[in-house]
Amino acid sequence: MSLTQQPSAHKALPAARIILPFVDTGPLQDVMLALLLTPVWWWLGVEQFIWPVLFGIAAVKVLYLQHWRLRITQPVRWFALFLVAVLISGLFVEDTARQLTFVRNLGAFAAGFLALLVITNRARSWEWIDKLLNVVLFVMLLAGIAGLLAAAGAWRPAIHSLIGQLLPGSVAATSYGQVISVRVLGQLSWFSGLGIYYRLNSFFLFSNHFSSALIYVIPFFFLRLSQARGVKKLLPGLSILLLLFNLILTTGRVATLSLLVGALYFSLFHSLYRRTIRGLVAFILTLAVLLLLFTTVLEMTSVSGSGGVLGQTSEVIEQFTFARGEGSFTNRSGVYEATLAGFRQRPLFGWGTERDVEGLNIPAGSHSEYLAALYRQGLLGFVAIIGLMISVWLATRPPGGTPARSPAGAFLRYGRWFFVASLINSIMTDPSVDSTTYVLLWVLLALLISTAQLIRRPGEYAFPDS
């Protein structure tokens, strides 16, 4: 080319390529995108069915990228055993109408398993773990904002979902069908001390599942608060207040109590200031015991008719138990009795799903993750779910010493607060009834397991980045 010649102004450029979500994206990007679209899935009414499909796509990509070589952790093994128990129990479902319930529950379990498998195989750096955690917190922040708008009366939609138009009439007429056919952020209810109020469920199936999701993420907003400095503390601080406000308006008593017990456990065993806190707690407990002994003696020798401290404590417990009226307590007690009675009839493989019982408004095999496993999947499922919880506990042990102060170590420490709260909450709540709640639970657990792997065995993975 001579000096007077100019290069072509129309030099061929590479054609712009459109990146298709869930097609051209990596497995962890699929998980993040699926979570970010939670409000859309809720609006469409597909959030109870979409998770196993999207996470299944991500799992296929993991198999391809890793040439069928998978990291199979102990929690994955126990979860696989639980899925086997679920599939076996499906052979014993008697009621045809309950087969849809079985499929729905199986979808939730499959989504949780796939989330665990994908994340523990692909989240091999702190950057990816932190991104996924931020996505979960952002989604719950959106749910909290929606709850605030509904509580204030500014936005209380009644959206007829797409899936509601496709459901058979017999399914749409059920209580479950009505919930997913018409999307609302809550409903009017009554609670002692609040009277008539708008009970929130936001983007979740029922209020107790929204309260469960809230207590899953609140500990990690406290983590963000501890990591922020100066004016940057404002966002996590306001987020905590927002989610606590939502928690109050779910009136999830068990969830709130679980969050407090988890906070106490964290403060005593995993806070960086635990020695000081232990001394303070011991001092307060000593004073409380002495005060209780003193008031007991006074009440026993008193001739007045007042109930005293013991009587007032009994009244507080009674008000807490019957805060939603006697019906709530009576229904739950009846359900647990029917659940244990049904287990005794089929102790090995269970009934496959919850079942309606004459005289009860709530089906047997519900309102407790552990009793639900015992009833639906029998001893095989119960042993598997207990083994799963123990394996997760062991796999997510926070480190000691200097690593405990690192961002990853702090995540594991605050993860203990979340995990203790979730374990206690599941005594009287079954998160698998709502697929979104169950997915959030297992995404967070998978992130904790991946973080523990990162700290204890750095550099173990040699696969390509996600």
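Residues numbered from 1 in each chain as written. Predicted model: local features only at pLDDT ≥ 70, side-chain atom pairs only at ≥ 80, totals over all residues. Heavy atoms only, no water.

Participant: Could you clarify how one ought to interpret the overall build of the chain in this entry?
Facilitator: Counting its regular elements, the chain contains 18 helices and 4 strands. When each of the 466 residues of the chain is scored for burial, the buried share is 50%. The long-range share in the chain, meaning contacts at least 24 apart out of those at least 6 apart in sequence, stands at 76%. For the chain, the accessible area works out to roughly 22,800 Å², and carbon and sulfur atoms hold 69% of it. (Helix = DSSP H or I, 4+ residues; strand = E, 2+ residues; numbered from the N terminus. Buried < 20%, exposed > 50% of the residue type's maximum accessible area, 1.4 Å probe, protein only. Contact = heavy atoms within 4.5 Å. Areas by Shrake-Rupley, 256 points an atom, 1.4 Å probe, with all protein chains shown as cover.)

Participant: Help me understand a nonpolar patch on the surface, please; the structure alone is not making it clear to me.
Facilitator: There is a patch of nonpolar side chains on the surface, built from Leu 91, Phe 92, Leu 348, Phe 349 and Leu 379 and spanning about 460 Å² of accessible area. Within the element layout of this structure, Phe 92 appears in the loop between helix H4 (74–89) and helix H5 (99–122). Residue classification places Phe 92 among the partly exposed positions, given a relative accessible area of 30%. (Patch = residues over 30% accessible without salt bridge, like charges linked within 9 Å, V, L, I, M, F, W, Y side chains within 5 Å. Salt bridge = Lys/Arg side-chain N within 4 Å of Asp/Glu carboxyl O.)

Participant: What's the story with empty space enclosed by the protein in this structure? I'm lost.
Facilitator: Sizing a probe to match a water molecule and rolling it over the atoms shows the empty space that remains. Tallying each qualifying case throughout the model produces 3 cavities of 30 Å³ or more. In this structure, the largest cavity encloses a volume near 50 Å³. Looking at the largest cavity, the residues that line it are Phe 82, Phe 109, Glu 369, Ala 372, Ala 373, Arg 376, Gln 377, Ile 385, Asp 430, Ser 432 and Tyr 438. The greatest single-element share of the lining of the largest cavity, amounting to 6 residues, is contributed by helix H16 (residues 369–395). (1 Å grid on protein atoms, 1.4 Å probe; cavity = no way out; pocket = protein on both sides within 12 Å on 5 of 7 lines; lining within 4 Å. Points joined across faces, edges and corners; volume = space filled by probe spheres on them.)

Participant: I would appreciate a short explanation of the pairing of strand S3 (residues 186–191) in the present structure.
Facilitator: The side chains of a regular strand alternate, residue by residue, between the two faces of the sheet. As paired strands, S3 and strand S4 (residues 195–200) are joined by 6 bridges and run antiparallel to one another. Opposite Leu 188, over in S4, you have Tyr 198 as the bridge partner. Adjacent in sequence and paired antiparallel, S3 and S4 are bridged by 3 residues, among which Gly 193 carries a positive phi angle near 95 degrees. (Pairing = 2+ DSSP bridges.)

Participant: I would appreciate a short explanation of the packing of aromatic side chains in the present structure.
Facilitator: For any two aromatic rings, the description comes down to two numbers: the centre-to-centre distance and the angle of the planes. If you walk through the whole model with that rule in mind, you get 20 aromatic pairs. Where Trp 51 meets Phe 55, the ring centres are 5.8 Å apart and the plane angle is 45 degrees; that geometry is what we call tilted. With a gap of 4 residues between them, Trp 51 and Phe 55 both fall in helix H3 (residues 50–65), about one helical turn apart. For Arg 156, the ring lying beneath its charged end belongs to Tyr 198, and the centroid distance is 3.9 Å. The ring of Trp 351 carries the charged tip of Arg 355 above its face, separated from the ring centre by 3.8 Å. (Phe/Tyr/Trp six-rings, centres within 6.5 Å; stacked < 30°, edge-to-face > 60°. Lys NZ or Arg CZ within 6 Å of the ring centre and 35° of its normal.)

Participant: Just checking my understanding: could you explain the environment of Gly 56 for this structure?
Facilitator: Inspection of the secondary structure assignment puts Gly 56 in helix H3. Here Gly 56 falls in the buried class, since its relative accessible area comes to 19%. In this structure Gly 56 touches Trp 51 and Leu 114, once residues within four positions along its chain are discounted.

Participant: I tried to follow the packing of helix H10 (residues 207–227) against helix H18 (residues 435–456) on my own but got confused; where do I start?
Facilitator: When two helices pack together, their arrangement is given by the angle between the helix axes and by the axis-to-axis distance. Between H10 and H18, the least distance of the axes is 9 Å, while the angle of their chain directions is 20 degrees. One element, H10, and the other, H18, form an angle in the roughly parallel class. Crossing handedness for the pair H10 and H18: left-handed. Across the interface between the two elements, His 209, Ser 212, Ala 213, Tyr 216, Val 217 and Phe 220 from H10 touch Thr 437, Leu 440, Leu 441 and Leu 444 from H18. In terms of residue class, the contact of H10 with H18 is built from 7 nonpolar, 3 polar and no charged. (Axes fitted to C-alpha atoms, helices over the stretch in contact; angles between N-to-C directions. Parallel < 35°, antiparallel > 145°, perpendicular 65-115°, else oblique. Left-handed = near helix turned anticlockwise from the far one by under 90°. Nonpolar A, V, L, I, M, F, W, Y, C, P; charged D, E, K, R; others polar.)

Any functional reading would require information beyond the geometric quantities listed.
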